[in-house]
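Spelled out, the chains give:
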Amino acid sequence: MGRPVVGITTYLTRAAWGAWELDAALVPASYVQAVSLTGGAPVLVPPGASVEETLDAVDGLIFSGGSDLDPSLYGAAAHAETLGVVRERDEFELTLMRAALERDVPMLAICRGSQVLNVALGGGIEQHLPDVIGDAKHRETPGAFAEHDVDVLPGTRLAEIVGERADVKSHHHQGYGELGAGLRVAARAEDGTVEALEDPARRFTVGVLWHPEEGEDLALFEALVAEAAAYRNARRP
């Protein structure tokens, strides 16, 4: 039956290649490679795609990283450090997320993507973590990944996949506020920051603030692809 199809949401941003500088729908190649290496068939899902046709076509989803969400979408005023908002992307991904949750599509939500998950379920965003923890260890240098450990809570789906402790690469200045309906904390950094959340009532709904596509351990992608294959087999006997 072929590989399970995994959709990856894209950025909507200005980009340059060759002689061109144009608005582009793109995603770092590491996402595509991680899906391919773990047995999935990656496809890109840009803002403006048909939500229902996309969900008919894919067996799993990755909500990728990117810029800050528009705070008005979770009922907050913008912090001075909330930057780079792309409202078109925000609205599309929230619509796709809610429709995917309704269908219980397996999903891995990464960094910004996990914040989209939280907001889609009625949660909020901590807009600038340095205000809370007193430093910028989760994004020390713009354009470079920070490295730190996370402690994974026992009994979670995440613990089954990555174990009780993981070394991660992160690049975020925002965190989770109030958790959305049905979500639970799955991991914390040493400073107490919530680094992952999940919905235990759904087939596979896991969100992490770090970037597993940039690490050597592809266990999260292996788990997603396996769930995507099971989802495909269940709906296409």
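Look above for the structure.
Cut-offs and rules
Residues numbered from 1 in each chain as written. Predicted model: local features only at pLDDT ≥ 70, side-chain atom pairs only at ≥ 80, totals over all residues. Heavy atoms only, no water. Helix = DSSP H or I, 4+ residues; strand = E, 2+ residues; numbered from the N terminus. Buried < 20%, exposed > 50% of the residue type's maximum accessible area, 1.4 Å probe, protein only. Contact = heavy atoms within 4.5 Å. Areas by Shrake-Rupley, 256 points an atom, 1.4 Å probe, with all protein chains shown as cover. Lys, Arg positive; Asp, Glu negative; His and termini not counted. Charge placed at Lys NZ, Arg CZ, Asp CG, Glu CD. Salt bridge = Lys/Arg side-chain N within 4 Å of Asp/Glu carboxyl O. Phe/Tyr/Trp six-rings, centres within 6.5 Å; stacked < 30°, edge-to-face > 60°. Lys NZ or Arg CZ within 6 Å of the ring centre and 35° of its normal. 1 Å grid on protein atoms, 1.4 Å probe; cavity = no way out; pocket = protein on both sides within 12 Å on 5 of 7 lines; lining within 4 Å. Points joined across faces, edges and corners; volume = space filled by probe spheres on them. Nonpolar A, V, L, I, M, F, W, Y, C, P; charged D, E, K, R; others polar. Pairing = 2+ DSSP bridges. Axes fitted to C-alpha atoms, helices over the stretch in contact; angles between N-to-C directions. Parallel < 35°, antiparallel > 145°, perpendicular 65-115°, else oblique. Left-handed = near helix turned anticlockwise from the far one by under 90°.

K.L.:
What exactly am I supposed to notice about the overall build of the protein here?
P.N.:
Scanning the protein from N- to C-terminus turns up seven helices and 13 strands. Taken along its principal axes, the extent of the C-alpha atoms in the protein is 50 × 50 × 35 Å. By the burial criterion, 50% of the 237 residues in the protein qualify as buried. Nonlocal contacts in the protein, meaning residues at least 24 apart in sequence, comprise 68% of its contacts between residues at least 6 apart. Of the roughly 10300 Å² that the protein leaves accessible, carbon and sulfur atoms contribute 51%. Charge separation in the protein, taken as the distance between the mean sites of 19 positive and 37 negative side-chain charges, equals 6 Å.

K.L.:
Mind showing me how you'd approach the pattern of salt bridges here?
P.N.:
Pairs may arise between side chains of opposite charge once their charged atoms sit close together. Taken as a whole and assessed by the stated rule, the structure comprises 17 salt bridges. When the shortest N-O distance is used, the salt bridge between Asp-149 and Arg-165 registers 3.1 Å. Of this pair, Asp-149 sits in strand β8 (residues 146-152) while Arg-165 sits in strand β9 (residues 165-170); the two residues are 16 residues apart in sequence, bridging distant segments of the chain. What makes Asp-149 partly exposed here is its relative accessible area of 24%.

K.L.:
Would you explain the packing of aromatic side chains in this entry?
P.N.:
The geometry of an aromatic ring pair is captured by the separation of the ring centres together with the interplanar angle, meaning the angle of the planes. Counting across every chain of the model gives zero aromatic pairs. Geometry around Tyr-11 places Arg-89 over its ring, the cationic atom sitting 4.9 Å from the centre.

K.L.:
Looking at this structure, how should I read the layout of surface pockets?
P.N.:
Summary: where empty space remains is shown by rolling a probe the size of a single water molecule over the atoms. Taken as a whole, the second largest pocket spans an internal volume of roughly 320 Å³. Along its surface, the second largest pocket is lined by 15 residues, and Asp-167, Val-168, Gly-215, Glu-216 and Asp-217 are the ones closest to its centre. Elements with a contribution of two residues or more to the lining of the second largest pocket: β8, β9 and α7 (219-235). If one sorts the elements of the lining of the second largest pocket by residue count, β9 sits on top with four residues. For the lining of the second largest pocket, the residue count by class is seven nonpolar, three polar and five charged.

K.L.:
How should I be thinking about the sheet that holds strand β1 (residues 5-9) in this particular structure?
P.N.:
Two modes of strand pairing occur in sheets, parallel and antiparallel, and in both the strands are linked by backbone hydrogen bonds. Spatial strand order, β4-β1-β5-β6-β13-β12-β11-β8-β9: nine strands in an open sheet with mixed pairing. Each having just a single partner strand, β4 (41-45) and β9 make up the two edges of the open sheet. Across the sheet, the axes of successive neighbouring strands diverge by a mean angle of 25°, strand direction being ignored. Bridge count between strand β6 (residues 107-110) and strand β13 (residues 205-208): four bridges; the pairing is parallel. When the sheet's bridge partners are listed, Ile-110 is paired in β13 with Val-208. Here helix α4 (residues 112-120) sits on the sheet in contact with β5 (60-63), β6, β12 (194-198) and β13, set at roughly 110° to β6. Sheet contacts for α7: β1, β5, β6 and β13; angle to β6, the most-contacted strand, approximately 150°.

K.L.:
Would you mind showing me how to read α4 here?
P.N.:
Given 3.6 residues to a turn, an α-helix orients residues that are three or four positions apart in the same direction. Counting buried positions along α4 gives nine out of nine residues, so the element sits mostly inside the fold. Turning to α4, its buried residues number three or more, namely Arg-112, Gly-113, Ser-114, Gln-115, Val-116, Leu-117, Asn-118, Val-119 and Ala-120. Directly beyond the C-terminal end of α4, a positive phi value near 95° is found at Gly-122.

K.L.:
Looking at this model, I keep getting lost on the side chain of Asn-118. Mind explaining?
P.N.:
Summarising the element assignment, Asn-118 is placed in helix α4. Given the relative accessible area of 0%, Asn-118 is considered buried. If near-sequence neighbours (up to four positions away) are discounted, Asn-118 is found in contact with Gly-123, Gly-124, Tyr-176, Gly-177, Glu-178, Leu-179, Gly-180, Leu-183 and Leu-197.

K.L.:
Even after reading the chapter, I still don't get the packing of helix α3 (residues 87-103) against α4, so can you show me in this structure?
P.N.:
Packed helices, taken two at a time, are described by the angle their axes make and the gap between the axes. In the contact formed by α3 and α4, the axes pass within 9 Å of each other and the chain directions differ by 65°. In terms of orientation, α3 lies roughly perpendicular with respect to α4. Handedness of the crossing formed by α3 with α4: right-handed. On α4, the residues that touch Arg-89, Asp-90, Glu-93, Leu-94, Met-97, Arg-98 and Leu-101 of α3 are Arg-112, Gly-113, Val-116, Leu-117, Val-119 and Ala-120. Within the contact of α3 with α4, the residues separate by chemical class into seven nonpolar, one polar and five charged.

K.L.:
Sorry if this is basic, but what is going on with unusual backbone geometry here?
P.N.:
The phi torsion of most residues other than glycine is negative, and most of the peptide bonds are trans. Phi is positive for Asp-104, which is not a glycine, with a value near 60°. Within the element layout of this structure, Asp-104 appears in the loop between α3 and β6. For Asp-104, a relative accessible area of 23% puts it in the partly exposed group. Even without being glycine, Cys-111 reaches a positive phi, approximately 50°. Checked against the element boundaries, Cys-111 lands in the loop between β6 and α4. Cys-111 sits in the buried class, given a relative accessible area of 5%.

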